[in-house]
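Residues per chain, in single letters:
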Amino acid sequence: METRNFDLPRYLAVLPLFQEMSPEELQRLALGCRLKRHSRGDTVFRVGEPCEEFHVTVMGQVKLYAISPAGQEKVIELVGPGNSFAEALMFTGKPYIINAQALADTLVLSVGKAAVLAEIERDSRFAMRMLAGISRRLHGLVHDVQAYSLHSGMQRVIGYLLRDLPEEAEDAAAFSLADAGVTPAASAQRRDLRVSLPVSKATIASRLSLTPEYFSRVLHELEAAGLIEIDKREIRIPDAKRLAGHKLQ
């Protein structure tokens, strides 16, 4: 993808945050944006650097992570195409408190703080949309803390594999697919799922607060139980309902 030919206003228009903006507003916002291509392993930003913009992964994958005083890495979030990050921090006026790194060849769109503030002053509805996005991120972080505190390692791995199912289907309260409101036709379509691990098993393990060895052991236990089939980074789930039920045991 050639960045010089990238249609910024058109891309902004498909992001939930900007969908209600007029073409004129999108053109104006695009003037405060920049695109940057990162190779695998490149740093997007580091702890302590000024945060004067938020970011959207256009293509590729970005890892948000922290380093403990002992030098251990903790993956906080994996940000794929179409998802944004660092919105809340941008408004605090404080430097970055986490690191961001490209896990593959990645294109990142950065939206400048000045451009965002200008649009908020013009239309308060834009601020509400930003708040909604930040609230969704907060909800996700709270969900993560609950999982780390209340769920076993096995439950966390199964929850990750079923993350694209309706939330009810992977909830610890255990609804079946039908209970979760999925129609019989949709249920049949969902029975055989294929999950592609977007990054290394070590990175996913860190995201789930597990050791890489334990993460691999859980996958092999699930495979031995006939609940999944592993082919390198491709995982086939023959029966999602059965796997979800195993999460409760």
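Located above this text is the structure these notes cover.
Model, not experiment: these values are computed from the prediction.

What follows covers the sheet that holds strand β4 (residues 62-67). The strand order across the open sheet built from 4 strands is β2-β7-β4-β5, with neighbouring strands paired in antiparallel fashion. Each having just a single partner strand, β2 (43-45) and β5 (73-79) make up the two edges of the open sheet. Taken pair by pair, the neighbouring strands of this sheet meet at an average axis angle of 30 degrees, ignoring direction. As paired strands, β4 and β5 are joined by 6 bridges and run antiparallel to one another. Counted as the bridge partner of L64 is E77 from β5.

This part is about the layout of surface pockets. There is about 360 Å³ of room inside the second largest pocket. Along the wall of the second largest pocket there are 16 residues; nearest its centre are A86, A88, I98, R137 and L141. Mapped by element, the contributors of at least two residues to the lining of the second largest pocket are β5, α3 (87-92) and α5 (124-150).

Turning our attention to the pattern of salt bridges. In this structure the tally under the stated criterion is 7 salt bridges. Measuring nitrogen to oxygen at the nearest pair gives 2.8 Å for the salt bridge that ties R236 to E229.

Moving on to unusual backbone geometry. For A86, which is not a glycine, the phi torsion comes out positive at approximately 75 degrees. Turning to its location among the elements, A86 is positioned in the loop between β6 (84-85) and α3. For A86, a relative accessible area of 15% gives the class buried. Located in the positive-phi region is K232, a residue other than glycine, with phi close to 60 degrees. Within the element layout of this structure, K232 appears in the loop between β10 (229-231) and β11 (234-237).

Take the pairing of strand β9 (residues 193-196) next. Burial of the side chains of β9 is restricted to one face: L193 and V195 are buried, whereas none of R194 and S196 on the reverse face is. Strand direction decides the pairing type here: β9 and β11, joined by 4 bridges, are antiparallel. Looking at the pairing, L193 lines up with I237 of β11.

Within this structure, the stated rule accounts for 4 aromatic pairs. Centroid distance F45 to F85: 6.1 Å. Interplanar angle 35 degrees. Geometry classified as tilted. Within this pair, whereas F45 is found in strand β2, its partner F85 is found in strand β6, the two being separated by 40 residues in sequence. Take F45: its relative accessible area is 2%, and that puts it in the buried class. Taken together, the ring pairs connect F45, F85 and Y96 into an aromatic cluster. Note that R163 overlies the ring of Y160, its terminal NZ or CZ placed 4.0 Å from the centroid.

Calculation criteria
- Residues numbered from 1 in each chain as written.
- Predicted model: local features only at pLDDT ≥ 70, side-chain atom pairs only at ≥ 80, totals over all residues.
- Heavy atoms only, no water.
- Pairing = 2+ DSSP bridges.
- Helix = DSSP H or I, 4+ residues; strand = E, 2+ residues; numbered from the N terminus.
- Axes fitted to C-alpha atoms, helices over the stretch in contact; angles between N-to-C directions.
- 1 Å grid on protein atoms, 1.4 Å probe; cavity = no way out; pocket = protein on both sides within 12 Å on 5 of 7 lines; lining within 4 Å.
- Points joined across faces, edges and corners; volume = space filled by probe spheres on them.
- Salt bridge = Lys/Arg side-chain N within 4 Å of Asp/Glu carboxyl O.
- Buried < 20%, exposed > 50% of the residue type's maximum accessible area, 1.4 Å probe, protein only.
- Phe/Tyr/Trp six-rings, centres within 6.5 Å; stacked < 30°, edge-to-face > 60°.
- Lys NZ or Arg CZ within 6 Å of the ring centre and 35° of its normal.

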